[in-house]
Amino acid sequence: MKKIIILGSTGSIGKSLLKIINKDRKSFKVELLTAKKNYKDLFKQAKLLKVKNVILTDAETFNLNKNKFKKNKINIYNNYNSLNKIINKKVDYVMSSIVGIEGLLPTIALIKYTKNIAIANKETIICAWNLINKELKRHKTNFIPVDSEHFSIWYALNKNLNTNHVKKIYLTASGGPLLNFPKKKIKNIQINQVLKHPNWNMGKKISVDSSTMMNKVFEIIEAKKIFNINYDKLDILIHPNSYIHAIVEFKNKMISMIAHNTTMDIPIFNTLYLNKEINYTSSTSKLDLIKLNNLSLMKIDLKKFPLVRILNKLPKKDSLFETALVAANDELVNLYLNKKINYNQISSKLMKIISFSDIKLLKKKYPKTLADILKVNMYVRSKIKSICH
């Protein structure tokens, strides 16, 4: 029986994983679930799967609801300082799916407690991959990417991170809700139109990032770090159907394309089982292979998606500039969703802030500690607020 920990169990990734585990309870034992404020779902999950330990990180929510958990003989903690009390032996698998920069500390903290860690948190990989990699090697922990694109690359590489035999890697992008939207009308686009993704059911933040194509910029940065490959070997192709998730071209001219339906359940399932012989059963419709006759792969229109130009401004080596990029975009998207700025200002203000001399200097600064990353994160967010108010 495999022992499992889920960071961010009340989010979409966590819920999908628990749905898979619930269908095969004899194979798994969930040791720990964590959430920030969603105590109701956390409690239901713990009761359903008889989980003995939970972490609820929001102090007020914790204090108001801790007795409910204790009465049901569920150990509840308020932070990750109690990990050594909860885990006395390495677990088999950790899923890190806490959203945003808040996922940094717990993800790194859990590496030494598990044999395998699957990371779905973009910010953690983009901002702190060098720190993660150091911990992975130190504790001999196996890393598995969860994002459908990076999982597909990893799968095409035969569950390996070695890209020595790779000539080029293409990440695919659906083009989001703006692919066929007239350029002249984008400045007047409504939030509900931006959030209406044609293929994926996603949260608001990632839906906005998909519309600006910033999510693909982040995914290219992730791929560069995860697979230790230069940016000139990475590219983006528009693929409106979202069936193909990554294309890997090898030096011997062979090309591998990984395809699956537009659901995160499939990569999540495969990170958990890591076995081609396990049968995936789901209500998801079968992939229509006939539709693969017309892949409709095309280059990105940089006038419609100007943020993709950021790829030409990225430093070749790991730096704190990537953290600045994550923080600035995150803050601007929040301002947009709260109707403080218009849609076009996400791009214009992001391009403006990364051109500032103090931000450009971060390209030469290496993230040595978590404190370095968190300091830059706070600095950039405050800078955005001062510009936008």
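Above this note sits the structure.
Within each chain, residues carry numbers counting from 1 in the order of the written sequence. Where totals are concerned, whole chains, interfaces and linings use all residues; where local detail is concerned, this predicted model gives features only for residues with pLDDT of at least 70, and gives and counts side-chain atom pairs only at 80 or more. Each side-chain value is worked out from all heavy atoms of the structure, with water and hydrogens disregarded.

Draft legend 1. Quick peek at the overall build of the protein. Helix numbering and strand numbering both begin at the N terminus, where a helix is a DSSP run of H or I of at least 4 residues and a strand a DSSP run of E of at least 2. A tally of helices and strands in the protein yields 15 helices and 11 strands. Here the protein has a C-alpha radius of gyration of 21 Å; the compact-globule value for 389 residues is 21 Å, and the two agree. Overall, the C-alpha framework of the protein stretches about 60 × 50 × 40 Å when taken along its three principal axes. By definition in these notes, contact holds between two residues if any of their heavy atoms fall within 4.5 Å. Residue pairs in contact within the protein that sit at least 24 positions apart in sequence constitute 68% of those at least 6 positions apart. To be clear on the numbers: accessible area is Shrake-Rupley with a 1.4 Å probe, and residue cover counts the displayed protein chains and nothing else. With the model as given, the accessible surface of the protein reaches about 19000 Å², and the carbon-plus-sulfur share is 50%. Across the protein, the mean location of the 69 positive side-chain charges is 2 Å away from that of the 27 negative side-chain charges. Just to be clear, the radius of gyration here is over C-alpha atoms, and the globule rule we use is 2.2 Å times residues to the power 0.38. Asp and Glu are treated as the negative residues and Lys and Arg as the positive ones, with His and the ends of the chain left uncounted. By convention, the point assigned to a charge is CZ for Arg, NZ for Lys, CD for Glu and CG for Asp.

Draft legend 2. The side chain of N130, seen in detail. Its place among the elements puts N130 in helix α6 (residues 122-139). Exposure classes here rest on a 1.4 Å probe applied to the protein chains alone. A residue is buried below 20% of its type maximum, exposed above 50%, and partly exposed in between. For N130, a relative accessible area of 13% corresponds to the buried category. Polar contacts here mean pairs of N or O atoms no more than 3.5 Å apart (in protein, one a potential hydrogen donor and the other a potential acceptor; neighbouring residues in sequence count only if both atoms are side-chain atoms). In this structure the side chain of N130 is engaged in a polar contact, spanning 2.9 Å, whose partner is the backbone oxygen of P367. When sequence neighbours within four positions are dropped, the list of residues in contact with N130 reads D318, Y366 and P367.

Draft legend 3. The arrangement of a positive patch on the surface in detail. Like-charged residues within 9 Å of one another, or nonpolar side chains (Val, Leu, Ile, Met, Phe, Trp, Tyr) within 5 Å, are grouped into patches, provided each residue has over 30% relative accessible area and no salt bridge. The term salt bridge refers to a pairing of a side-chain nitrogen on Lys or Arg with a carboxyl oxygen on Asp or Glu at a separation within 4 Å. Positive charge collects at one region of the surface, where R25, K50, K52 and K73 lie side by side. Note that K52 resides in the loop between α2 (39-48) and β3 (53-56).

Draft legend 4. Focus on the sheet that holds strand β1 (residues 2-7). Being paired, for any two strands, means DSSP has found at least two bridges between them. Strand order in the open sheet formed by seven strands is β4-β3-β2-β1-β5-β6-β7, and the pairing between neighbours is parallel. Looking at strand neighbours, the two that pair on one side only are β4 (75-77) and β7 (142-145), the edges of this open sheet. Direction aside, the axes of adjacent strands within the sheet are offset by 20 degrees on average. Examined bridge by bridge, β1 and strand β5 (residues 93-96) share four bridges and lie parallel to one another. Considered in β5, the bridge of L7 is made with S96. A fitted line through C-alpha atoms represents every axis, and for helices the fit uses only the stretch in contact; the resulting angles, taken between N-to-C directions, go from 0 to 180 degrees. On the sheet, helix α11 (residues 265-273) packs against β1, β2 (28-35), β5, β6 (116-119) and β7 and is oriented at approximately 155 degrees with respect to β5.

Draft legend 5. Main features of the environment of K233. Assignment of secondary structure puts K233 in the loop between α10 (214-226) and β9 (234-238). On the basis of relative accessibility, which here comes to 27%, the residue K233 falls in the partly exposed class. Setting aside chain neighbours within four positions, we find K233 in contact with V166, K167, K168, I169 and K251.

Draft legend 6. Geometry of the pattern of salt bridges. Per the stated rule, a full pass over the model turns up 21 salt bridges. Here K122 ties to E222 by a salt bridge, and the two come within 3.4 Å at their closest N and O atoms. Separated by 100 residues along the polypeptide, K122 in helix α6 and E222 in helix α10 bring together distant segments of the chain. For K122, a relative accessible area of 13% puts it in the buried group. Ionic pairing is found between K216 and E149, a salt bridge with its closest N-O pair at 2.8 Å. Of this pair, K216 sits in helix α10 while E149 sits in helix α7 (residues 148-156), and the two are 67 residues apart along the sequence. Taking the relative accessible area as the measure of exposure, K216 reaches 4% and is therefore buried. Judged by relative accessible area, which is 8%, E149 ranks as buried.

Draft legend 7. Molecular detail of the packing of helix α9 (residues 204-212) against α10. The interhelical angle for the contact between α9 and α10, taken along N-to-C directions, is 90 degrees, at an axis separation of 5 Å. One way to sum up the angle between α9 and α10 is to call them roughly perpendicular. Contacts between α9 and α10 pair I206, D209, S210 and T212 from the former with M214, N215 and F218 from the latter. Orientation categories follow fixed angle ranges, with anything under 35 degrees roughly parallel, anything over 145 roughly antiparallel, 65 to 115 roughly perpendicular, and all other angles oblique.

Draft legend 8. Geometry of the side chain of D92. With respect to the helices and strands, D92 occurs in the loop between α4 (83-86) and β5. One polar contact links D92 to K115, side chain to side chain, over a distance of 3.3 Å. Every residue in contact with D92, bar those within four places of it in the chain, is listed here: M1, K2, K3, T114, K115 and N116.

Read these as spatial facts, not as claims about activity.
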